[in-house]
2 protein chains.
Amino acid sequence: MTSDAPTDLETAHLLADTARTVILPYFRNPGLEADNKLQTGFDPVTIADREAETAMRTVLQRLRPDDAIWGEEFGQQPGTSGRTWVLDPIDGTRGFISGTPTWGVLIALSDVDGPFLGIIDQPYTGERFTGAPGVAEMTGPQGTTPLATKQTRTLDQAILFTTFPEVGTPQERAGFDAVSARAKLTRFGMDCYAYALLAAGQIDLVIEAGLNAYDIQAPIAVVQAAGGHVTDWQGNPAHQGGRVLAAANPTLHAAALEILRTF
Amino acid sequence: MTSDAPTDLETAHLLADTARTVILPYFRNPGLEADNKLQTGFDPVTIADREAETAMRTVLQRLRPDDAIWGEEFGQQPGTSGRTWVLDPIDGTRGFISGTPTWGVLIALSDVDGPFLGIIDQPYTGERFTGAPGVAEMTGPQGTTPLATKQTRTLDQAILFTTFPEVGTPQERAGFDAVSARAKLTRFGMDCYAYALLAAGQIDLVIEAGLNAYDIQAPIAVVQAAGGHVTDWQGNPAHQGGRVLAAANPTLHAAALEILRTF
């Protein structure tokens, strides 16, 4: 790369900008849905997903031809650098089709140790949550502010989020419910936006199950850059997906892990 | 009133503008919380609630001295006009303290027949959903667009929202679950924002219980102006609160009501 080539962080922002431009026209667009009411026909979410991932892959092809790509829509493309861009063009498609402003574009850059750079972008609100080496910040309608997780130490003071009450299997639901019973407040329905709120110091815990790698790699990078701690329910790395425990700090993480370990 | 006095709709917008200005500095403000960690001390939600309602009451005292006021924080103030401004400065305080952008300022104007003008305002996203005689529109980051509910006819095509899985009493939860079992998709966690999504043609049903009058009067006015239908679970007016069924259209309303009536 020449000295004026974009950095990894600049590349990630360019990917997020690209996805925003592609996806926003599909969001809350009643005309698109009205064009085709066939069950088997037009699906604006799928189209937005695919077009956004294609556009991001085109950017990477140009700027990072040696890196691998792993995207939700088009799978894995090998690279030679040992680094992988992990992309979920629309995380929270159920929220997207319901018009909620809490889905997100997820972009991560990982190596053999897991993700070290991540962006959670909400195109409609114009909010972008970024975590990278030495960087933890959000930009939004009120400008740019640093991301820093909360110092909540005990479960009885914690605000806990997950996306839907079933969580996963019955056993996984039981694990979640066991933590929820100890928490100050439990809320539902936010998809990846819950991790953004955790990184922004608004909530304390996110517990989910049944995740894919591309659902969680960007959240891991953002939450950890902001001071949080993310593992699976056994305390091991979570970047391959599955059961995830994301906490505002190691102390609170340990308190929740002690419960989840037994499920 | 003189001819240049503000209309009811202009007054409602002024109230919403006023509440926005007061509340936004409290939203996601970690400095405020950090100033006082005492359990019994500083509560930014309560302060924002009270200051916003006080500011709105001051506006009404000046512009509508003959109208009654019913606000969540300071109760009922009688009037002489037969009209009542119904105010909830922050609907969705649990969402507010969690940093989600889905709480709202609720403003309604009602007479003996119920609310005929309503605003659901989301200060952080800058979205405002307005329903009044001859008016059904939203303003937001993408400009001003008309509000119109969906034409979904059957429960199996419907997207259903409520705020939390318990809904209300065990019987009320059972009623909700019976409709949910027939719906295409059920989502949680949006508070008053779910009614805004219903009016905006994004979702099809909102079912809740245990509401107060000030939780539901503005949503009723907005949803009905957009073409929706709102009653209690027996098909009677819902503007006194309690159990609420809000549907995108009368056909879908009837399908859900047939189930809820039996609970």
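Residues and elements named next belong to chain A. On the secondary structure map, H239 appears in the loop between β12 (229-231) and β13 (242-247). With relative accessibility at 15%, the residue H239 sits in the buried group. Setting aside residues no more than four positions away along its own chain, H239 makes contact with D113, G114, P115, A213, I216, Q217 and I220.

For the rest of this paragraph, the subject is the pairing of strand β4 (residues 104-111) of chain B. Residues and elements named next belong to chain B. By the criterion of burial, β4 is predominantly enclosed, with seven of the eight residues buried. Strand direction decides the pairing type here: strand β3 (residues 84-91) and β4, joined by six bridges, are antiparallel. What sits directly across from V86, in β4, is A108. Strand direction decides the pairing type here: β4 and strand β5 (residues 114-122), joined by seven bridges, are antiparallel. Considered in β5, the bridge of D111 is made with G114. Counting the residues in the hairpin turn of β4 and β5 gives two residues.

All names here are of chain A. Relative to the elements of secondary structure, G104 occurs in strand β4 (residues 104-111). Once the C-alpha coordinates of G104 and T93 are considered, the two residues, 11 residues apart in sequence, prove to be 8.9 Å apart. G104 has contacts with D88, P89, I90, D91, D121 and C192, leaving out every residue within four places of it along the chain.

Now for the relation of the copies chain A and chain B. Superposition of the two copies of the chain requires a rotation about an axis and a shift along the axis. For the match of chain A to chain B, the screw axis carries a shift of 0.0 Å, the RMSD comes to 0.0 Å, and the turn is 180 degrees. Such a combination of turn and shift is consistent with a two-fold rotation axis. In this assembly the copies share their binding face: 100% of the residues contributing to the interface of chain A also contribute to that of chain B.

Residue and element names in this part refer to chain A. All chains considered together, the criterion is met by 13 aromatic pairs over all chains. Ring geometry for F176 versus F188: centroids 6.3 Å apart, planes at 50 degrees, classification tilted. Residue F176 is located in helix α5 (residues 170-180), and its partner F188 is located in strand β10 (residues 185-188); the two are separated by 12 residues in the primary sequence. Residue class for F176 comes out buried when judged on its relative accessible area of 1%. Given a relative accessible area of 10%, F188 falls into the buried group. Chaining the aromatic ring pairs together yields one cluster made of F27, F96, W103 and Y124.

By convention, interface size is frequently given as the accessible area that disappears when the constituent parts associate. Counting residues at the interface gives 35 residues for chain A and 35 residues for chain B. Of the roughly 3000 Å² buried between chain A and chain B, counting both surfaces, carbon and sulfur atoms make up 54%. At the surface where chain A touches chain B, the tally comes to four salt bridges. The shortest N-O distance in the salt bridge between B:R187 and A:D191 comes to 2.9 Å. Here chain A is connected to chain B by 10 residue pairs in polar contact (both at pLDDT 80 or more).

Our focus in this paragraph is the packing of α5(A) against helix α8 (residues 250-260) of chain A. Residues and elements named next belong to chain A. Their axes nearest at 9 Å, the elements α5 and α8 cross at an angle of 135 degrees. Considering their axes alone, α5 and α8 lie oblique with respect to each other. In this structure, the crossing between α5 and α8 has a hand that is right-handed. Where α5 abuts α8, its residues G175, F176, A178 and V179 lie against A256, I259 and L260. The residue makeup of the contact of α5 with α8, split by class, is six nonpolar, one polar and no charged.

So, about the sheet that holds β13(A). Residue and element names in this part refer to chain A. Here five strands make up an open sheet; going across it, the order is β10-β9-β11-β13-β12 and the pairing mixed. Looking at which strands have only one partner, the edges of the open sheet turn out to be β10 and β12. Direction aside, the axes of adjacent strands within the sheet are offset by 15 degrees on average. Pairing analysis gives three bridges linking β12 to β13, with the strands arranged antiparallel. The partner of H229 across the bridge, within β13, is A247. With respect to the sheet, α5 is in contact with β9 (159-162), β10, β11 (205-211) and β13, its orientation differing from that of β9 by roughly 160 degrees. Packing against the sheet, α8 makes contact with β11, β12 and β13, and its axis sits at approximately 145 degrees to β13.

All names here are of chain B. The end-to-end C-alpha distance of helix α7 (residues 213-225) is 18 Å, a good match for the 18 Å that 13 residues give at a rise of 1.5 Å each. Within α7, 11 of the 13 residues are buried, which leaves the element mostly enclosed by the surrounding structure. Within the span of α7, buried status applies to A213, Y214, D215, I216, Q217, A218, P219, I220, A221, V222 and V223. The first or second residue beyond α7 is G227, which carries a positive phi of 105 degrees.

This brings us to the nonpolar core. Counting 131 residues, the largest nonpolar core has A:I107 and B:I107 as its most contacted members. The residues contacting A:I107, other than those within four sequence positions of it, are A:A12, A:L15, A:A16, A:M56, A:W85, A:V86, A:L87, A:L117, A:G118, A:I119 and A:A218. If you look at the next biggest cluster of nonpolar residues, it comprises 38 residues, including A:W233, B:L205, B:L245 and B:A247.

Residue and element names in this part refer to chain B. For helix α1 (residues 8-23), spanning 16 residues, the distance from its first C-alpha to its last is 22 Å, which sits close to the expected 22 Å at 1.5 Å a residue. All of the buried residues in α1 are T11, A12, L15, A16, T18, A19, V22 and I23. One side of α1 holds all its buried residues, which, seen down the axis, span an arc of 160 degrees.

Residues and elements named next belong to chain B. The buried fraction of β5 is high, at eight of nine residues. Pairing analysis gives five bridges linking β5 to strand β6 (residues 127-132), with the strands arranged antiparallel. By the bridge assignment, G118 is partnered in β6 with G131. Between β5 and β6, which follow one another and run antiparallel, lie four residues, and G126 among them has a positive phi close to 75 degrees.

All names here are of chain A. The domain architecture assigned to chain A consists of domain 1 (8-143) and domain 2 (155-260). With 32 residues of domain 1 at the interface, the matching set in domain 2 holds 21 residues. Carbon and sulfur atoms supply 71% of the area buried between domain 1 and domain 2, which totals about 2000 Å² over both sides. Considering only the surface of domain 1 that becomes buried against domain 2, T102, P115 and I120 emerge as the three largest contributors, covering 29% of it.

Reading the values: rules and limits
- Residues numbered from 1 in each chain as written.
- Chains lettered and ligands numbered in written order.
- Predicted model: local features only at pLDDT ≥ 70, side-chain atom pairs only at ≥ 80, totals over all residues.
- Heavy atoms only, no water.
- Helix = DSSP H or I, 4+ residues; strand = E, 2+ residues; numbered from the N terminus.
- Buried < 20%, exposed > 50% of the residue type's maximum accessible area, 1.4 Å probe, protein only.
- Contact = heavy atoms within 4.5 Å.
- Pairing = 2+ DSSP bridges.
- Least-squares fit on C-alpha atoms with pLDDT ≥ 70 in both.
- Phe/Tyr/Trp six-rings, centres within 6.5 Å; stacked < 30°, edge-to-face > 60°.
- Buried area = accessible area lost by both parts, 1.4 Å probe.
- Salt bridge = Lys/Arg side-chain N within 4 Å of Asp/Glu carboxyl O.
- Polar contact = N/O pair within 3.5 Å; in protein donor to acceptor, adjacent residues only side chain to side chain.
- Axes fitted to C-alpha atoms, helices over the stretch in contact; angles between N-to-C directions.
- Parallel < 35°, antiparallel > 145°, perpendicular 65-115°, else oblique.
- Left-handed = near helix turned anticlockwise from the far one by under 90°.
- Nonpolar A, V, L, I, M, F, W, Y, C, P; charged D, E, K, R; others polar.
- Expected span 1.5 Å × (residues − 1).
- Core = buried A, V, L, I, M, F, W, Y, C linked by side-chain atoms within 4.5 Å.
- Arc of directions from axis to C-beta.
- Domains from an automatic or database assignment.

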